[in-house]
Amino acid sequence: MPILQEMMTIVSQKEVAHHIFEMVLTGEIVLDLDQPGQFLHLKAPNESLLLRRPISISSWDKNKKTCTILYRIGDETSGTYALSALTEGQNVDVMGPLGHGFPLAQVKKDEHILLVGGGIGVPPLYELAKQLDQKGAKITVLLGFASKEVKILEEEFEALAHVSVNVTTDDGSYGTKGHVGGLMDALTTPVDAVYTCGAPAMLKAVYQHYHDLERLYISTESRMACGIGACYACVVHTKDDPTGASGHALKVCEDGPVFNGGEIIL
Ligand SMILES: Cc1cc2nc3c(=O)[nH]c(=O)nc-3n(C[C@H](O)[C@H](O)[C@H](O)COP(=O)(O)OP(=O)(O)OC[C@H]3O[C@@H](n4cnc5c(N)ncnc54)[C@H](O)[C@@H]3O)c2cc1C
Ligand code: FES
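Fair warning: this is a prediction, and the values are worked out from it, not measured in the lab. (Residues numbered from 1 in each chain as written. Chains lettered and ligands numbered in written order. Predicted model: local features only at pLDDT ≥ 70, side-chain atom pairs only at ≥ 80, totals over all residues. Heavy atoms only, no water.)

**Some words on helix H6 (residues 200–210)**
Turning to step 1, where the next piece is worked out: Considered for burial, the residues of H6 that qualify are Met202, Leu203, Val206 and Tyr210. The buried residues of H6 all sit within an arc of 100 degrees when viewed along its axis, so they share a single face. Seen from the buried face of H6, the exposed residues on the opposite side, beyond 90 degrees, are Pro200, Ala201 and Gln208. (Buried < 20%, exposed > 50% of the residue type's maximum accessible area, 1.4 Å probe, protein only. Helix = DSSP H or I, 4+ residues; strand = E, 2+ residues; numbered from the N terminus. Arc of directions from axis to C-beta.)

**A word on the UniProt feature "binding site: FAD" (unreviewed entry) in the protein**
Turning to step 1, where the next piece is worked out: The UniProt entry lists Arg53, Pro54, Ile55, Ser56, Leu70, Tyr71, Arg72, Gly79 and Thr80 under the feature "binding site: FAD" (unreviewed entry), expressed in the numbering used here.
Turning to step 2, where the next piece is worked out: Note that Ser56 resides in strand E4 (residues 53–56).
Turning to step 3, where the next piece is worked out: Those residues in contact with Ser56, other than ones at most four positions away along the chain, are Gln38, Phe39, Ile69 and Pro124.
Turning to step 4, where the next piece is worked out: Position of Thr80 among the secondary structure elements: in helix H2 (residues 79–84). (UniProt positions renumbered as here; feature names shortened; annotations may be inferred. Contact = heavy atoms within 4.5 Å.)

**Side note on the domain arrangement of the protein**
Turning to step 1, where the next piece is worked out: By the assigned domains, the protein splits into domain 1 (5–98), domain 2 (102–219) and domain 3 (222–265).
Turning to step 2, where the next piece is worked out: Taken together, the 15 residues of domain 1 in the interface contact 16 residues of domain 2.
Turning to step 3, where the next piece is worked out: Both sides of the domain 1 and domain 2 interface together cover about 1,300 Å² of buried area, and 62% of this is carbon and sulfur.
Turning to step 4, where the next piece is worked out: If you sort the residues of domain 1 by the area they bury against domain 2, Pro36, Ser58 and Leu70 come out on top, with a joint share of 37%.
Turning to step 5, where the next piece is worked out: The interface formed by domain 1 and domain 2 contains 0 salt bridges.
Turning to step 6, where the next piece is worked out: Here domain 1 is connected to domain 2 by 6 residue pairs in polar contact (both at pLDDT 80 or more).
Turning to step 7, where the next piece is worked out: Within the residue set of the side of domain 1 that touches domain 2, elements represented by two or more residues are strand E1 (4–17), strand E5 (59–61) and strand E6 (66–72). (Domains from an automatic or database assignment. Buried area = accessible area lost by both parts, 1.4 Å probe. Salt bridge = Lys/Arg side-chain N within 4 Å of Asp/Glu carboxyl O. Polar contact = N/O pair within 3.5 Å; in protein donor to acceptor, adjacent residues only side chain to side chain.)

**Here we look at the packing of aromatic side chains**
Turning to step 1, where the next piece is worked out: This structure, assessed with the given rule, holds 4 aromatic pairs.
Turning to step 2, where the next piece is worked out: Taken together, a centroid distance of 5.6 Å and an interplanar angle of 80 degrees make the contact between Phe102 and Tyr195 edge-to-face. In this pair, Phe102 is assigned in the loop between strand E7 (91–98) and strand E8 (112–118) and Tyr195 in strand E12 (residues 193–197), connecting sequence segments 93 residues apart.
Turning to step 3, where the next piece is worked out: Judged by centre distance (5.5 Å) and plane angle (80 degrees), the ring pair of Tyr126 and Phe157 falls under edge-to-face. With Tyr126 in helix H3 (residues 123–134) and Phe157 in helix H4 (residues 154–158), the pair connects residues that are 31 residues apart, well separated along the chain. Taken individually, Tyr126 and Phe157 each receive the classification buried, so the pair is uniform in this respect.
Turning to step 4, where the next piece is worked out: By the ring-pair criterion, three or more aromatic residues cluster together here, those being Phe102, Tyr195 and Tyr217.
Turning to step 5, where the next piece is worked out: A cation over an aromatic ring shows up here: Lys151 above the ring of Tyr174, its NZ or CZ 4.6 Å from the ring centre. (Phe/Tyr/Trp six-rings, centres within 6.5 Å; stacked < 30°, edge-to-face > 60°. Lys NZ or Arg CZ within 6 Å of the ring centre and 35° of its normal.)

So, in structure tokens, the structure goes:
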């Protein structure tokens, strides 16, 4: 699949939760989007910030030629802060679509699929849920946030036909108090596949719970530079090569960001 670099146009941008922005973009890249879980590499509108920012694609609409990203901004010196100041009609220099996303060809109607998302790892699970929903799978979504003020996308997941959503917050300000681990423990129905994206501690908890499952898919993050597999900035250690000595490294940007459960060391 070709990787495009394009000046995409902002259709809209707004703050949807505390310091979390939703940006809708239009451009040719949308037509090449393939798997939920792929990401875009965005250039911040600040010449002193050379490295692009990797941001997952939260959803897309090929008919409208639009895609949506949700991202958390840093302080005033950060690239994401500069991106959040852009408004409708302005352009963003974007590379994409990048990486391998969540495989879902094996999913059949009426299978029970579990999605576990945490914080700013939740967005890529939304396009996944949309596509699983169209396949007629029964989807349980467990979402964990630090607090109510950073909760995102709950209503969007709930609007899908075959989805049931449970939310936890660390401080108990919304939903069940605590981490999504508690909700995983409480699940009684067996699951056919699990897809997850979130903070490293949450990914470890999901792995511990479901490591025996063949269809466990984990989306990871790493510091990135090139984003296309050339610089080796984003190398992860694998189960088969825990020290990286073999030289057959896996790269989050090219081989990931989604890996099979157990393939990499979390
Ligand atoms: C595959 C992938 C998908 C991601 N999807 C999302 C998403 O959907 N929404 C979201 O809010 N965040 C996402 N992130 C994290 C996001 O890329 C960083 O939070 C962001 O780059 C930080 O940039 P900054 O300008 O705010 O911070 P700065 O402090 O200005 O960043 C300095 C440098 O560090 C890099 N960096 C800092 N934190 C991270 C991080 N956690 N991961 C990778 N690089 C980092 C930046 O890209 C930049 O090069 C994703 C990361 C990866 C690897
Ligand atoms: S960021 Fe350069 S190889 Fe992944």
